[in-house]
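The lines below spell out each chain.
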Amino acid sequence: MIPVLAIDGPSGSGKGAVGMAVAERLGWHYLDSGAVYRALGLAAIWAGVACDDEAGLKRLAAELDLRFVRSAGPEPAVFVNGRECSVLLRGSEAADAASRLAVLSPVRQALLDRQRAARRPPGLVADGRDMGSQVFPDAFLKVFLTASPEVRAQRRYDQLKAKGFGVTLPQLIQEIRERDERDAGRAVAPLKPAQDAVVLDSSALGLQDVIDRVLAMVNSRSQSSFPHRIGD
Ligand code: DC
């Protein structure tokens, strides 16, 4: 059985940075499931398909060509349907479209196999909203990473500024609150910790502290789940 570490949480909780670093450290694959939803959001915008058009979105999901290509920087370059959109994918437009189409159950179903296909040896670190609750319910460790909306907005602000987006902090706090409400309030696969998830509040923790804590959890769980030791 290929082990999966699920890291779920809201936007700006740090799950992407933590997930990538932990995957790198373990030598495992990494799935950024938010990127899958964002990519479909961009594809919908480009094709003029509305974010509530189930049939149109299912068709786009089936055809979606999403590729991550190693780049010189810390993050891979992203191509959606052949278009380089590493920066666009991280912007508010893609995030908003992703959050809107993510409320539709048939659309989530259409993206399920694509996400599960990322489970390849020797292991997978998967980050998103429903990795532990829906996509990989048998994950050996489920972490639900959270932080206050203000801290998350500040992190998003720093990230987006660094990528050249013209954003303001109050605007991001507002966007984060709206997106949280939609993600947590939806009927299907809402943003909430899986029953057996470990909840970790990173509001007062630095990135390295969170990475270390998750690695420590992986190490202690892995003793009983599979014979892979980290840091030996
Ligand atoms: O993690 P992110 O900000 O890149 O995610 C963008 C949106 O995609 C998020 O607001 C909701 C949706 N999403 C989801 O519904 N399920 C996931 N597993 C990942 C993302």
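Keep in mind the model is a prediction, meaning the values are calculated, not measured. Residue positions are given per chain, counted from 1 along the sequence in the order it is written. Totals for whole chains, interfaces and linings use all residues, but because this is a predicted model, local features are given only for residues with pLDDT of at least 70 and pairs of side-chain atoms are given and counted only at 80 or more. Remark: hydrogens and water are excluded; side-chain values derive from all non-hydrogen atoms of the structure.

**Notes on the site of the ligand**
Item 1. Here a residue is near a molecule or strand as soon as one of its heavy atoms is found within 4 Å of it. Surrounding the ligand, one finds 16 residues, the nearest of these being R38, R108, R129, R179 and D183.
Item 2. At 2.8 Å, a side-chain N or O of R108 approaches an oxygen atom of the ligand.
Item 3. Within 3.5 Å is the distance limit for a polar contact, defined as a pair of N or O atoms, with the added protein rule that one can donate a hydrogen and the other accept it, and that residues adjacent in sequence qualify only through two side-chain atoms. In this structure, D130 approaches the ligand through a side-chain N or O atom, which is 2.8 Å from a nitrogen atom.
Item 4. Residue burial considers only the protein chains on display, and all accessible areas are found by Shrake-Rupley using a 1.4 Å probe. Considering the ligand on its own, with 450 Å² of exposed area, one finds that the protein chains cover 97% of that surface.
Item 5. Each helix corresponds to a stretch of at least 4 residues labelled H or I by DSSP, and each strand to a stretch of at least 2 residues labelled E; elements are numbered beginning at the N terminus. Elements with a contribution of two residues or more to the shell around the ligand: helix 2 (33-47), helix 4 (92-101) and helix 8 (169-185).
Item 6. If one sorts the elements of the shell around the ligand by residue count, helix 2 sits on top with four residues.
Item 7. Amino acids outside the nonpolar list (Ala, Val, Leu, Ile, Met, Phe, Trp, Tyr, Cys, Pro) and the charged list (Asp, Glu, Lys, Arg) are all regarded as polar, and Gly is one of them. Within the shell around the ligand, the residues separate by chemical class into four nonpolar, four polar and eight charged.

**Let's talk about the packing of helix 2 against helix 3 (residues 54-63)**
Item 1. Where helix 2 contacts helix 3, the two axes come as close as 10 Å, and the packing angle between them is 120°. Considering how the two elements wind past one another, helix 2 and helix 3 form a crossing that is right-handed. Each of L40, A43, A44 and A47 in helix 2 lies in contact with helix 3, whose residues at this interface are L57, L60 and A61.
Item 2. A class-by-class count of the residues in the contact of helix 2 with helix 3 yields seven nonpolar, no polar and no charged. The axes used here are C-alpha line fits, helices contributing only the stretch in contact, and every angle between their N-to-C directions lies in the interval 0 to 180 degrees. Helix crossings fall into two classes, left-handed where the near helix is turned counterclockwise from the far one by less than a right angle and right-handed where it is turned clockwise. Contacts between residues were defined by any pair of non-hydrogen atoms, one from each residue, lying within 4.5 Å.

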